[in-house]
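# Structural features, examined
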Amino acid sequence: MIAMQKVHSFAAALDYNDSKLNLKDKTQRAEVLDHNFMEYNKAEIMKEIGMLNKLNSKLTNDGYHVALSFSEKDTHLRNADLIAIAQAYKKGMGFTDDNLFVLYKHNDGEDHQHIHVHLLLHRLSIDEQGKVQVVSDSNNYRRSETVCRELERRFNLEKVRSSHEALDRAPTKDELEMMQRTGYPSERILMQEKVKSALGVSVDIQSFIENCKLNGIYLLFNQSSSTGRVSGITYISQNGFIAKGQKLGNQFKWNNLSQNLNYGKQSRDGETVRQTNIDTRSRFENELNKANRGSEIGDDRNSGISNKSYKESKYTLSEDQFNDRKGSDSRFTAHSHGDRADEETES
């Protein structure tokens, strides 16, 4: 089971899910499986939420929105099971029966190939003593991953690898939808394939740097100017797309990469890295300055599709390859997207 979570506006999440109830194609319409409002009526729900929000006007992201996706092998699940799983997930994430919620089952899009539900919870509640309680959104990812692994055991669900076991970071829901719609992989997935190819034929840091260049990927190391110690790595494609190792997956992080390439065993390794940094900074000076002024290097907003880079690359995915990947276990692999508020995370 995968949990894609986002802390944002309850109203925005309600609009999104409610719109799925009225799709033109009746076979693709979402269903309301469960809720604890007086009735499921969007206008009445918003009135109730509005009154609740007045109790804590400082809380801007009042909604906790999570999509629970199940493996295609979990064919035994019925609606009653989905309700029970959602209730258990809710409790595991620190919500109580006092928190207002709606549970939807979606039946459209790529995710229709496997069971897929959305749980929308309001973070404010009033306890038995009349005090207003707010469910914390800190450490959401870690909590969610723990809950997911427990629910897999409890409900006999297809098991997935935990984030620290997975080598590649799985495609996000947005990336899968983009690939399904356009036929092109995202810049991040394309970079992942190129770096993996280079890593597979490299024996040391020098050959890895050269093989990455051959694939159109340039490297920037976080190297101390005083000690020469390397503590991280950033990848840059020819067209200026930038991603840190953690954005691509565990095998692309420096700690794992340095071990696989036996970094430090050769005396020239430190100088090789230093010279590579000089070359990369010179080549991508403008892109790096923009990244430093703007969002974090490797921000998901850089994960768009580049038709040009896709068409020029020999690492494009055919329709069969894409379908194989989409149906493989990697689709159901746990990964972190961080714990920031208003950011999707996956576990």
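Residues numbered from 1 in each chain as written. Predicted model: local features only at pLDDT ≥ 70, side-chain atom pairs only at ≥ 80, totals over all residues. Heavy atoms only, no water.

Counting its secondary structure elements, the protein contains 13 helices and 11 strands. Residues classed as buried in the protein amount to 50% of the 347 residues present. By sequence separation, contacts in the protein at least 24 residues apart represent 71% of the contacts at least 6 residues apart. Put simply, the protein shows about 17100 Å² of open surface, and 45% of that area lies on carbon and sulfur atoms. (Helix = DSSP H or I, 4+ residues; strand = E, 2+ residues; numbered from the N terminus. Buried < 20%, exposed > 50% of the residue type's maximum accessible area, 1.4 Å probe, protein only. Contact = heavy atoms within 4.5 Å. Areas by Shrake-Rupley, 256 points an atom, 1.4 Å probe, with all protein chains shown as cover.)

Our next topic: helix α3 (residues 79–92). Here α3 spans 20 Å end to end across 14 residues, near enough to the 20 Å set by a 1.5 Å rise per residue. Along its buried surface, α3 packs onto β1 (2–8), β2 (31–35), β3 (63–69), β4 (101–105), β5 (116–122) and α4 (140–154). At the exit of α3 stands Gly94, carrying a positive phi of roughly 95°. (Expected span 1.5 Å × (residues − 1).)

In this model, helix α6 (residues 187–200) (14 residues) spans 20 Å end to end at C-alpha, consistent with the 20 Å of a helix rising 1.5 Å per residue. Of all 14 residues that make up α6, 11 are buried, and the element is covered over most of its length.

One open sheet holds the three strands; their spatial order is β8-β9-β10, and the pairing between them is antiparallel. The strands lining the two open edges of the sheet, one partner per strand, are β8 (217–223) and β10 (242–244). Taken pair by pair, the neighbouring strands of this sheet meet at an average axis angle of 25°, ignoring direction. Summarising the sheet, β8 and strand β9 (residues 230–237) pair through six bridges and their orientation is antiparallel. Opposite Phe221, over in β9, you have Ile233 as the bridge partner. Of the strands in this sheet, β8 and β9 are in contact with helix α7 (residues 205–214), which crosses β8 at around 140°. Each of β8 and β9 is contacted by helix α10 (residues 269–283), which is oriented at about 120° to β8, the strand it contacts most. (Pairing = 2+ DSSP bridges. Axes fitted to C-alpha atoms, helices over the stretch in contact; angles between N-to-C directions.)

Take the packing of α7 against α10 next. Geometrically, a packed helix pair is captured by the angle between its two axes and the distance between the axes. For the pair α7 and α10, the least separation of the axes is 9 Å and the interaxial angle reads 25°. With respect to α10, the element α7 is oriented roughly parallel. Along its contact with α7, which presents Ile205, Gln206 and Ile209, the element α10 presents Asp269, Thr272, Val273 and Thr276. Across the contact of α7 with α10, the residue classes break down as three nonpolar, three polar and one charged. (Parallel < 35°, antiparallel > 145°, perpendicular 65-115°, else oblique. Nonpolar A, V, L, I, M, F, W, Y, C, P; charged D, E, K, R; others polar.)

A cluster of nonpolar residues, Leu55, Ile126, Val132 and Val134, forms a patch on the protein surface that exposes about 290 Å² of accessible area. Along the polypeptide, Leu55 turns up in the loop between α2 (42–53) and β3. We classify Leu55 as partly exposed; its relative accessible area is 45%. (Patch = residues over 30% accessible without salt bridge, like charges linked within 9 Å, V, L, I, M, F, W, Y side chains within 5 Å. Salt bridge = Lys/Arg side-chain N within 4 Å of Asp/Glu carboxyl O.)

This next bit is on the pattern of salt bridges. Across all of its chains, the model carries 10 salt bridges by this definition. The residue Lys90 makes a salt bridge to Asp97 at a minimum N-O spacing of 3.6 Å. With relative accessibility at 52%, the residue Asp97 sits in the exposed group. Note that Arg153 and Glu150 form a salt bridge whose closest N and O atoms lie 2.5 Å from each other. Remark: Glu150 and Arg153 occur in helix α4; sequence separation between them is three residues, near one turn of the helix.

The next point concerns the environment of Phe208. Inspection of the secondary structure puts Phe208 in helix α7. Residue classification places Phe208 among the buried residues on the basis of a relative accessible area of 0%. Separated by 11 residues in sequence, Phe208 and Leu219 have C-alpha atoms that sit 9.6 Å apart. If we ignore the near neighbours within four places in the chain, the residues touching Phe208 are Val195, Ala198, Leu199, Ser202, Leu219, Ile233, Tyr235, Leu257 and Leu261.

Next up on the list: the nonpolar core. Counting 27 residues, the largest nonpolar core has Phe70 and Tyr89 as the members making the most contacts within it. Those elements that place two or more of their residues in this core are β1, β3, α3, β4, β5 and α4. Counting residues per element, this core draws most heavily on α3, at five residues. Tyr89 has contacts with Ala3, Gln5, Tyr64, Val66, Leu68, Leu119, Ser144, Val147, Cys148 and Leu151, leaving out every residue within four places of it along the chain. Core analysis: the second largest hydrophobic core is formed by 22 residues, Met191, Phe208, Cys212 and Ile233 among them. (Core = buried A, V, L, I, M, F, W, Y, C linked by side-chain atoms within 4.5 Å.)

Of note, Ser202 is situated in the loop between α6 and α7. Within polar-contact distance, the side chain of Ser202 engages the side chain of Asn211 at 2.9 Å. (Polar contact = N/O pair within 3.5 Å; in protein donor to acceptor, adjacent residues only side chain to side chain.)

Relative to each other, α3 and α4 sit at 145°, their axes nearing to 10 Å. In terms of crossing hand, the pair formed by α3 and α4 is right-handed. From α3, Ile85, Ala88, Tyr89 and Gly92 reach across to α4, where they touch Ser144, Val147, Cys148, Leu151 and Arg154. (Left-handed = near helix turned anticlockwise from the far one by under 90°.)

Let's shift gears to the confidence of the model for the protein. Here the protein averages 82 in pLDDT, and 80% of its residues register 70 or above. Below a pLDDT of 50 lies the segment residues 295–346, which in the model reaches 146 contacts outside its immediate sequence neighbourhood of four places, other chains included. (pLDDT = per-residue confidence, 0-100.)

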